[in-house]
Amino acid sequence: MRVKCIEVRDSRVAIEASTPEGVFVPCPDCRAPSGRVHSRYGRRLADAPCGGRGVVIELSVRRLFCDNSKCRRVTFAEQIQGLTCRYGRRTPVLQRMLAALGVLLAARAVVRLALLLGIAVSRTTVLRLVMALPDPAWATPRVLDIDEFATRKGRRYGTILVDCESHQPVDLLPDRDADSVAAWLREHPGVEIICRDRAQVFADGARAGAPNAQHCADKWHVWRNLVEAVERLVSRHRALLRDLVEPSPEPEQREPAHTPAEPVETDGGLREPYPAGKFLDRLRDTHAAVRAQVEQGLSLREIARRLGLGRNTVRKYARAASPEAMLHGQWQNRTSKLDVFKPYLEQRIAKGCTNVSRLHRELQERGARCSYSTLRDYVRPLCPDRRAAGTPPTARPPSPRKAARWITSHPDHLREDDKQQFKALLARSPELTAAVGHVRTFATIVTNREGDQLRHWIADVCADEQCGLSSFAVGLLPDLDAVVCGMSTDWSSGPVEGRVDDLKALKRSMFGRAKPALLRKRLLLIAASRRPHAATDP
């Protein structure tokens, strides 16, 4: 190729070049060399940017006759290796660059980046280049991880397959179906161990597609099933959890923290005093601090620096004659569609009914159209302040989830107050006491990789009528071999869970609009680029 001239045109570098005469080029069909020229025509190729400017190559190429009489091709255009291709308007270097950026950044981000580099490209072109890339080569994994991922949570799911030894994704299936998993395993024989959760769809598909493979149930999912069973057991003892809370002492009469505010006179007349609370207390303290420093003659800038406030905020406090004056327009002028029901609400609250759900139902029967949260916020200032009346807040009993965490956690990892409540709970319930012993035995089996002891544990739990975990133990029997293998080996679903997180990041980068085919292509190519010595892999 001969370069004629190089010049800058409209912020682009234009290179004029032509192919030399007298050079023989092989025919693309019969490979017979030919140098007989039919004509010349011009090609315009976009190349990789240089110095922040786009590069355009205006190339004059030859069209040659094929001298082989047996070849069906009469003429053909010559191609320059590494620079041109049939029907190509970009050089191979630029196409590889755009495809690599498309794999890492997705289409819209590549378009915005390309504009900064002086490259004009559309997002559909970037997607086409990405989808045209070949899938990375991989061997059938010996240990396969299977899990699900959501393309639209609660509606559409897919299946991800990962090599558990190399942690590399192998394939993505567009659905979560046992037949799809079985078909993939039949097409790729050689899988010896299949790691999965306890979902029945994956168990059936794996058994149908690879009947000789050893199944391995993930330890975390099995432990999670046990925690859920313990939580259901504790939920049947809610009354015992309420007994753990000591009754509140009799309220003591004490002076109110603040004297009732006098009605404030406004342009519209007298309005009601503002309800006491943390916001109004903080407002009064800040207003007093600002006014005190203003009277000392300090500047607004100095006051803002000392109090850590903005200068405009300090100016508002300095100009307000009282703290309540700063609330004018935020409280007094605020209207609500519940104002017509205010007398009825005050009457019900005076009778001791402060249950917002009950008040909400009663207002709906009277024709009010409001949400629960709107009524809750409207009723809060009308309810008496327990703190001002001297009534201490009532301690909440521990939830079943918290009590289940006491049972399933290591005793040394509990706080002292939790230990005391846990001890009191076990003293009231022999059933929970029996369950604690079985849970700790199960935890020892999981921690020490003693899967061969699981059958004895299931027999002990089923024989113990007080523990309440027999349903969980019986549920392990249909998948017992996989559970025993998961507790006896180091294989787990950790690698596939990490790849699911990668899928979530890819979905967010494309705003959740990517189809399964594009997700699959990007995930496989990104994982292949991270793999060491990926270029030399078979």
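Structure: see above.
Residues numbered from 1 in each chain as written. Predicted model: local features only at pLDDT ≥ 70, side-chain atom pairs only at ≥ 80, totals over all residues. Heavy atoms only, no water.

Considering the overall build of the protein
Now for step 1: When helices and strands are counted, the protein shows 22 helices and 14 strands.
Now for step 2: Taken over 538 residues, the protein has a buried fraction of 38%.
Now for step 3: Sequence separation of 24 or more characterises 60% of the internal contacts of the protein that already satisfy a separation of 6 or more. (Helix = DSSP H or I, 4+ residues; strand = E, 2+ residues; numbered from the N terminus. Buried < 20%, exposed > 50% of the residue type's maximum accessible area, 1.4 Å probe, protein only. Contact = heavy atoms within 4.5 Å.)

Notes on the pairing of strand β10 (residues 168-173)
Now for step 1: The element β10 is extensively covered by neighbouring structure, given that six of its six residues are classed as buried.
Now for step 2: In this sheet, β10 lies alongside strand β9 (residues 156-163) in antiparallel orientation, the contact comprising five bridges. In the sheet register, Asp163 faces β10, and the bridge partner there is Gln168. (Pairing = 2+ DSSP bridges.)

Things to note about the sheet that holds strand β12 (residues 214-217)
Now for step 1: Across the sheet, five strands lie side by side as β10-β9-β8-β11-β12; this open sheet has mixed pairing. Pairing within the sheet leaves two strands with one partner each, and these edge strands are β10 and β12. For this sheet the average axis-to-axis angle between neighbouring strands, irrespective of direction, equals 30 degrees.
Now for step 2: Inspection of the sheet shows strand β11 (residues 193-196) paired to β12 by four bridges, in the parallel sense. (Axes fitted to C-alpha atoms, helices over the stretch in contact; angles between N-to-C directions.)

Let's talk about the packing of aromatic side chains
Now for step 1: Applying the stated criterion across every chain, the model contains six aromatic pairs.
Now for step 2: Centroid distance Trp138 to Trp184: 6.1 Å. Interplanar angle 20 degrees. Geometry classified as stacked. Taken together, the positions of Trp138 in the loop between α3 (123-132) and β8 (143-152) and Trp184 in helix α4 (residues 178-187) put the pair 46 residues apart, joining distant regions of the chain.
Now for step 3: In this structure Trp184 comes out as buried when scored by relative accessible area, which is 4%.
Now for step 4: With 6.1 Å between their ring centres and 20 degrees between their planes, Trp223 and Phe442 make a pair best called stacked. Taken as a pair, Trp223 in helix α6 (residues 219-235) and Phe442 in helix α17 (residues 430-447) lie far apart in primary sequence, 219 residues in all.
Now for step 5: What makes Trp223 partly exposed here is its relative accessible area of 22%. (Phe/Tyr/Trp six-rings, centres within 6.5 Å; stacked < 30°, edge-to-face > 60°.)

Here we look at the environment of Asp501
Now for step 1: Here Asp501 is to be found in helix α21 (residues 494-509).
Now for step 2: When its relative accessible area of 45% is taken as the criterion, Asp501 is described as partly exposed.
Now for step 3: Along the primary structure Asp501 and Phe149 are separated by 352 residues, whereas in three dimensions their C-alpha atoms are 9.2 Å apart.

Section: the pattern of salt bridges
Now for step 1: Counted according to the given criterion, the structure contains 31 salt bridges.
Now for step 2: For the salt bridge of Arg348 with Glu362, the shortest nitrogen-to-oxygen distance reads 3.0 Å. Linking Arg348 in helix α11 (residues 342-350) with Glu362 in helix α12 (residues 356-365), this pair joins segments that are 14 residues apart in sequence. Here Arg348 and Glu362 have matching classes, each one buried.
Now for step 3: Taking the shortest distance from any N to any O, the salt bridge between Arg415 and Asp418 comes out at 3.4 Å.
Now for step 4: With a relative accessible area of 7%, Asp418 lands in the buried category. (Salt bridge = Lys/Arg side-chain N within 4 Å of Asp/Glu carboxyl O.)

Thoughts on the packing of helix α2 (residues 107-117) against α3
Now for step 1: Close contact between α2 and α3 brings their axes to 8 Å; oriented N to C, the two are set at 120 degrees. Both α2 and α3 take part in a crossing whose hand is right-handed. Taken together, the residues of α3 that come into contact with α2 (itself represented by Ala107, Arg108, Val110 and Val111) are Arg123, Val126 and Leu127.
Now for step 2: The residue inventory of the contact of α2 with α3, partitioned by class, reads five nonpolar, no polar and two charged. (Left-handed = near helix turned anticlockwise from the far one by under 90°. Nonpolar A, V, L, I, M, F, W, Y, C, P; charged D, E, K, R; others polar.)

Here we look at a positive patch on the surface
Now for step 1: There is a patch of like positive charges on the surface, built from Arg108, Arg112, Arg123 and Arg513.
Now for step 2: One can find Arg108 in helix α2.
Now for step 3: A relative accessible area of 38% means that Arg108 is categorised as partly exposed. (Patch = residues over 30% accessible without salt bridge, like charges linked within 9 Å, V, L, I, M, F, W, Y side chains within 5 Å. Areas by Shrake-Rupley, 256 points an atom, 1.4 Å probe, with all protein chains shown as cover. Lys, Arg positive; Asp, Glu negative; His and termini not counted. Charge placed at Lys NZ, Arg CZ, Asp CG, Glu CD.)

Remarks on the pairing of strand β1 (residues 2-9)
Now for step 1: When you tally the buried positions in β1, you get zero out of eight residues, a small fraction of the element.
Now for step 2: Summarising the sheet, β1 and strand β2 (residues 12-18) pair through seven bridges and their orientation is antiparallel. Across the sheet, Ile6 pairs through a bridge with Ile15, a residue of β2.
Now for step 3: A loop of two residues connects β1 with β2, the two strands running antiparallel in sequence, and Asp10 in this loop sits at a positive phi of about 55 degrees.

Quick word on the environment of Glu58
Now for step 1: With respect to the helices and strands, Glu58 occurs in strand β6 (residues 53-65).
Now for step 2: Given a relative accessible area of 23%, Glu58 falls into the partly exposed group.
Now for step 3: Along the chain, Glu58 and Ala46 lie twelve residues apart, while their C-alpha atoms are 8.9 Å from each other.
Now for step 4: Those residues within four positions of Glu58 in sequence are excluded, and the remaining contacts are Arg9, Ile15, Glu16, Ala17, Arg43 and Arg44.
Now for step 5: A polar contact of 3.0 Å, which involves the side chain of Glu58, links it to the side chain of Arg9.
Now for step 6: At 3.0 Å, the side chain of Glu58 forms a polar contact with the side chain of Arg44. (Polar contact = N/O pair within 3.5 Å; in protein donor to acceptor, adjacent residues only side chain to side chain.)

Overview of the nonpolar core
Now for step 1: Ranked by internal contacts, the top residues of the largest apolar core, which has 39 residues, are Phe442, Leu454, Trp457, Leu469 and Leu476.
Now for step 2: At the level of elements, α6, α7 (238-243), α15 (400-408), α16 (416-428), α17, α18 (454-463), α19 (470-475) and α20 (480-488) are the ones that each hand at least two residues to this core.
Now for step 3: Ranked by residue count, the leading element in this core is α17, at eight residues.
Now for step 4: Other than its neighbours up to four places away in sequence, Leu469 contacts Leu226, Ala229, Val230, Leu233, Ala435, His438, Val439 and Val461. (Core = buried A, V, L, I, M, F, W, Y, C linked by side-chain atoms within 4.5 Å.)

Some words on unusual backbone geometry
Now for step 1: Within the chain, Ala106 stands out as a residue other than glycine whose phi angle is a positive 75 degrees.
Now for step 2: Turning to its location among the elements, Ala106 is positioned in the loop between α1 (92-105) and α2.
Now for step 3: Backbone geometry places Arg449, a non-glycine residue, at a positive phi of 55 degrees.
Now for step 4: Checked against the element boundaries, Arg449 lands in the loop between α17 and α18.

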